[in-house]
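Chain by chain, the residues run as shown.
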Amino acid sequence: MAYHEAPHKDPRKMGIGRSIAVLTSGGDAQGMNAAVRATVRVGIYTGAKVYFVHEGYQGLVDGGDNIKLATWESVSMMLQLGGTVIGSARCMDFKERWGRLKAACNLVKLGITNLCVIGGDGSLTGANQFRTEWSELLLDLTKEGKITADEAKRSSHLNIVGMVGSIDNDFCGTDMTIGTDSALHRIIEVVDAITTTAQSHQRAFILEVMGRHCGYLALVTALACGADWVFIPEMPPEENWEQHLCKRLITRGSRLNVIILAEGAQDRHQKPITCDQLVSKKLGFDTRATILGHVQRGGTPSAFDRILGSRMGVEAVMALLEATPETPACVVSLSGNMAVRLPLMECVQVTKDVTKAMAEGRFEDAVNLRGKSFQHNWNTYKMLAHVNPPDVKSNINIAIINVGAPCAGMNAAVRAAVRVGIIQGHQMLAVYDGFDGLIEPITWSQVSGWTGQGGSNLVTCVLNIAKFNIHSLIIVGGFEAYLGGLELITAREKYEELCIPMVVIPATVSNNVPGSDFSIGADTALNTITTTCDRIKQSAAGTKRRVFIIETMGGYCGYLATMAGLSSGADAAYIYEEPFHIHDLELNVEHLIEKMKTSVKRGLILRNSNANDNYTTQFLYNLYSEEGKGTFDCRMNILGHMQQGGTPTPFDRNFGTKMGSKSVLWVTDKLKECYRHGRIFANTPDSACVLGMKKRSLLFQPLTSLKDDTDFEHRIPKTQWWMRLRPILKILAKYDAIEIDTSEVAAMEHIIKKTGEIKGGKMLNK
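Residues numbered from 1 in each chain as written. Predicted model: local features only at pLDDT ≥ 70, side-chain atom pairs only at ≥ 80, totals over all residues. Heavy atoms only, no water.

A. Summary view of the overall build of the protein. Helix and strand content of the protein: 22 helices and 28 strands. When each of the 766 residues of the protein is scored for burial, the buried share is 61%. When contacts within the protein are restricted to residue pairs at least 6 apart in sequence, long-range pairs at least 24 apart make up 79% of them. Carbon together with sulfur atoms contributes 51% to the accessible area of the protein, which is approximately 29600 Å² in total. (Helix = DSSP H or I, 4+ residues; strand = E, 2+ residues; numbered from the N terminus. Buried < 20%, exposed > 50% of the residue type's maximum accessible area, 1.4 Å probe, protein only. Contact = heavy atoms within 4.5 Å. Areas by Shrake-Rupley, 256 points an atom, 1.4 Å probe, with all protein chains shown as cover.)

B. Structural detail: the sheet that holds strand 8 (residues 257-262). The four strands are arranged 7-8-6-9 in an open sheet whose pairing can be described as parallel. Looking at strand neighbours, the two that pair on one side only are strand 7 (229-231) and strand 9 (287-291), the edges of this open sheet. Taking each pair of neighbouring strands and ignoring which way they run, the sheet shows an average axis angle of 15 degrees. Both strand 6 (residues 204-209) and strand 8 contribute to a ladder of six bridges, which runs parallel. Residue I206 lies in a different strand from strand 8, and its bridge partner there is I259. Helix 7 (residues 216-225) contacts strand 6, strand 7 and strand 8 of the sheet and is inclined by roughly 165 degrees relative to strand 8. (Pairing = 2+ DSSP bridges. Axes fitted to C-alpha atoms, helices over the stretch in contact; angles between N-to-C directions.)

C. A look at helix 3 (residues 97-110). Taking 1.5 Å of rise per residue, the 14 residues of helix 3 would be expected to cover 20 Å, and the 20 Å separating its terminal C-alpha atoms lies within 8% of that figure. For helix 3, the full list of buried residues reads G99, R100, L101, A103, A104, C105, L107 and V108. Contacts made by the buried residues of helix 3 are with strand 1 (19-24), helix 2 (56-62), helix 4 (121-143) and helix 5 (149-154). G111 occupies a position one or two residues after helix 3 and carries a positive phi of about 70 degrees. (Expected span 1.5 Å × (residues − 1).)

D. Representation of the sheet that holds strand 4 (residues 114-119) in the model. Taking strand neighbours across the sheet as the criterion, the seven strands line up as 3-2-1-4-5-10-11 in an open arrangement whose pairing is mixed. The open sheet is flanked by strand 3 (67-69) and strand 11 (338-343), the only strands paired with a single partner. Sheet twist, expressed as the mean angle between neighbouring strand axes with direction ignored, is 25 degrees.

E. Up close: unusual backbone geometry. If you check the backbone angles, N395 has positive phi at about 65 degrees while not being a glycine. Here N395 is to be found in the loop between helix 13 (372-386) and strand 12 (397-403). The backbone phi angle of K734 is positive, close to 75 degrees, even though this residue is not glycine. Tracing the chain through its elements places K734 in the loop between helix 21 (726-732) and helix 22 (751-755).

F. Structural view of the nonpolar core. Within the largest apolar cluster, 175 residues are counted, with the highest numbers of intra-cluster contacts made by F231, I260, I474 and Y624. Counting residues per element, this core draws most heavily on helix 10 (residues 303-322), at twelve residues. Leaving out residues up to four positions away in the same chain, I474 has contacts with I398, A399, I400, I401, A417, V503, I505, S663, V664 and V667. Formed by 40 residues, the second largest nonpolar core is a distinct cluster that contains L23, I67, V108 and V340. (Core = buried A, V, L, I, M, F, W, Y, C linked by side-chain atoms within 4.5 Å.)

G. Just the pairing of strand 16 (residues 502-506), in detail. Within strand 16, five of the five residues are buried, leaving the element largely enclosed by the surrounding structure. Along strand 16, one buried face is formed by M502, V504 and P506 and the opposite face, lined by V503 and I505, is buried too. As defined by bridge partners, strand 15 (residues 472-477) adjoins strand 16 across five bridges and the pair is classed as parallel. Among the inter-strand pairings, G477 is bridged to a residue of strand 16, identified as P506. One crossover worth recording links strand 15 to the parallel strand 16 by way of helix 15 (residues 479-490), and it is right-handed. (Right-handed = clockwise from strand over helix to strand, strands pointing away.)

H. A look at the environment of A183. By the element assignment, A183 lies in helix 6 (residues 180-201). Of the residues examined, A183 reaches a relative accessible area of 0% and is grouped as buried. In the structure, A183 is positioned 17 residues away from S166 in sequence and 9.6 Å away in space, judged by C-alpha atoms. The residues touching A183, leaving out its near neighbours within four places in the chain, are Q30, I167, L217 and Q296.

I. Quick look at the pattern of salt bridges. Counted according to the given criterion, the structure contains 26 salt bridges. With its nearest N and O atoms 3.3 Å apart, the salt bridge here joins E151 to K109. Here K109 lies in helix 3 and E151 lies in helix 5, a separation of 42 residues in the sequence. Judged by its relative accessible area of 15%, E151 falls in the buried class. Two residues, D686 and K670, come together in a salt bridge whose shortest N-O distance is 3.4 Å. Highlighted residues: D686 in the loop between strand 22 (679-680) and strand 23 (688-694) and K670 in helix 20 (residues 650-674), separated in sequence by 16 residues. Overlapping salt bridges bring together R97, E136 and D140 as one network. (Salt bridge = Lys/Arg side-chain N within 4 Å of Asp/Glu carboxyl O.)

J. Here's a closer look at the packing of helix 7 against helix 13. It is at 10 Å that the axes of helix 7 and helix 13 come closest, and there the two elements cross at 45 degrees. Our classification of the angle between helix 7 and helix 13 gives oblique. The interaxial crossing formed by helix 7 with helix 13 has left-handed handedness. Packed against helix 7, whose contacting residues are Y216, L219, V220, A222 and L223, the element helix 13 presents F374, N377, W378, T380, Y381 and L384 at the interface. For the contact of helix 7 with helix 13, the class distribution of residues is nine nonpolar, two polar and no charged. (Parallel < 35°, antiparallel > 145°, perpendicular 65-115°, else oblique. Left-handed = near helix turned anticlockwise from the far one by under 90°. Nonpolar A, V, L, I, M, F, W, Y, C, P; charged D, E, K, R; others polar.)

K. View of helix 4. With 23 residues, helix 4 extends 33 Å between its outermost C-alpha atoms, agreeing within 8% with the 33 Å of an ideal straight helix rising 1.5 Å per residue. In the structure, helix 4 departs most strongly from a straight axis at W134, where the bend amounts to approximately 55 degrees. Among the residues of helix 4, S123, L124, G126, A127, N128, F130, R131, E133, W134, L137, L138 and L141 are the ones counted as buried. (Bend = angle between axes of the 7 residues up to and from the residue.)

L. Layout of the environment of S302. Following the sequence through the fold, S302 ends up in the loop between strand 9 and helix 10. Its relative accessible area of 5% is what places S302 among the buried residues. If near-sequence neighbours (up to four positions away) are discounted, S302 is found in contact with D181, S182, H185 and N527.

Below is the structure:
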């Protein structure tokens with residue numbers, strides 16, 4: 001998608017004459033600053049005035065210097081900062097009508113009729129109440145003589161848009177809230193550190209994570225680290241869980257035992273389950289407890305949270321400017337990889353329904369009301385942690401092969417696939433060392449601890465199907481895996497042994513596999529790039545007027561360069577998919593020269609490795625150095641293979657785990673379908689698929705059906721969802737005449753229809 005110089009709906013005029021206030025309320029969360037930054041810059045881009053409200057609702061009530069006009073430069077260098085730079089506070093005054101009256105007066109005096117609130121369900125509920133009372137508040141203020149009739153008329157309606165900032169991920173209607181991914185990063189860092197000492201001393205470790213009313217952090221942590229047990233508020237353990245837990249730990253006989261506990265965990269009688277209680281149970285092991293506390297809220301935001309906050313901020317501004325008096329207050333949410341608008345109070349109601357369901361002991365309803373993502377995580381955890389391998393085997397052999405370059409998260413996929421396969425009664429075979437590799441049986445214990453290991457323990461490979469009587473094949477890898485799958489399908493006409501179910505699991509830092517919006521390993525690489533960019537920018541803290549040119553991996557796919565540009569606040573990101581010419585380079589240089597005249601005297605340019613054969617990274621460095629003489633100097637960095645290394649991020653561990661388990665379950669069903677006359681014969685297109693995330697769900701798509709949407713020469717899909725985000729990158733870098741594409745999210749959706757509603761104590765799906 002190219003940038004449109006003359007869009008049919010010019011966003012630069014939408015906000016003229018409008019004013020927007022942005023505040024952060026309740027608990028802080030990493031990524032809030034990205035949302036504030038995007039709200040301010042996109043608001044200014046549309047022609048609106050944007051105001052900071054410092055100290056949350058308290059600042060709104062107190063007014064004065066707490067409400068300040070924001071500028072473009074005032075949100076610079078915020079992306080990498082945790083918490084919220086405009087402050088947050090628990091405000092009791094706003095809960096009283098007199099407090100809301102003062103807040104309304106402060107907004108009217110400044111002509112602010114659009115309010116963007118970043119916070120949890122309590123903060124958003126307060127915003128909706130404020131909006132509902134707005135007309136009455138104006139009437140009272142007019143009667144008291146605090147505002148004039150003209151001021152009341154100019155501010156006759158208040159638009160509200162919410163963004164959910166909460167590390168607990170406890171708001172229904174969104175897959176992820178701002179701050180959750182960063183909190184998982186902090187937790188997994190601690191878990192990885194603790195597991196080494198736990199193995200050394202053969203100890204059981206209990207880790208308590210945040211989540212007073214929601215077990216998301218605990219559940220995903222358990223999946224990401226392969227925990228033996230997890231306690232969450234939504235699904236208390238069964239009666240006599242103490243005996244079951246002890247038996248499980250003893251049966252496993254592992255040196256490493258990890259138990260994850262959400263702070264709001266309780267038993268079936270609503271009695272709290274605590275770390276001290278678990279230690280006092282004398283599990284039969286040397287047991288240690290660690291309560292992570294507020295360390296989970298701190299630190300640098302992850303790349304995911306920076307991009308999420310930026311996308312939410314852009315969408316929030318567009319929602320405010322497109323709102324009418326009849327539009328209900330909305331919250332900007334994430335569904336799959338799509339930003340969507342949902343009615344605020346519907347989301348709040350479902351969130352309250354979860355709490356009510358837990359209080360009434362309807363725990364299945366509580367899990368279902370959390371949404372599909374939570375359900376899938378819970379079902380995957382139950383299968384991997386609580387289901388024992390059957391005594392009767394299936395006589396099915398499933399081979400797992402890793403193809404191409406290794407990436408972080410591959411081992412999580414292999415581990416999950418192996419364990420789910422063993423649970424199904426299958427024999428799992430591992431293919432080692434290339435297409436001439438040896439296939440050996442692999443056991444449950446051999447994949448212990450693989451979740452947190454980077455790279456691949458099964459290197460590039462091929463197999464001898466007939467010799468080892470392989471009934472199905474799971475291929476984990478990048479574009480090479482996709483090509484290999486196609487070649488195997490083509491060879492089916494000649495070799496009947498290849499008429500078996502096959503599934504490709506995308507795993508590559510390049511994120512260039514057709515049929516999937518995300519690949520295992522891409523998130524880890526993206527965080528590595530983002531962290532490196534932060535450090536590189538910091539290195540120039542004492543040096544004014546410096547521009548850094550950084551080359552990223554990705555082949556011809558510009559995913560890493562584009563997303564890293566968003567997460568690190570780059571001034572430009574050159575990629576193959578969006579051709580650029582000498583005129584574009586000239587504009588970029590001029591843009592940086594103008595930037596150096598402001599208070600922000602640093603520049604960041606990213607280039608995808610194969611962006612252009614002639615405009616190489618060295619060429620760009622030489623060009624910028626020459627044209628910037630006397631204004632700025634340049635430095636060049638080629639990040640190289642460090643992008644493929646490191647420990648997997650929580651996202652890649654969780655994503656790999658779900659992909660691996662889902663692939664084996666699909667293969668098992670396909671084997672049943674294809675079993676005829678005492679043998680397996682699968683030659684239909686849907687018997688060889690790519691498992692990928694498309695927009696909102698994990699889908700199996702036939703390999704052959706994806707050929708038309710594949711650029712085989714450059715090894716990329718022809719249609720790539722993230723190209724829609726490139727205009728955001730340009731707008732946030734202060735380029736003009738960029739069109740914002742909101743075609744997929746313009747309509748407001750309804751969450752009640754998706755989650756069901758509560759009637760008579762049971763959840764009814766509509």
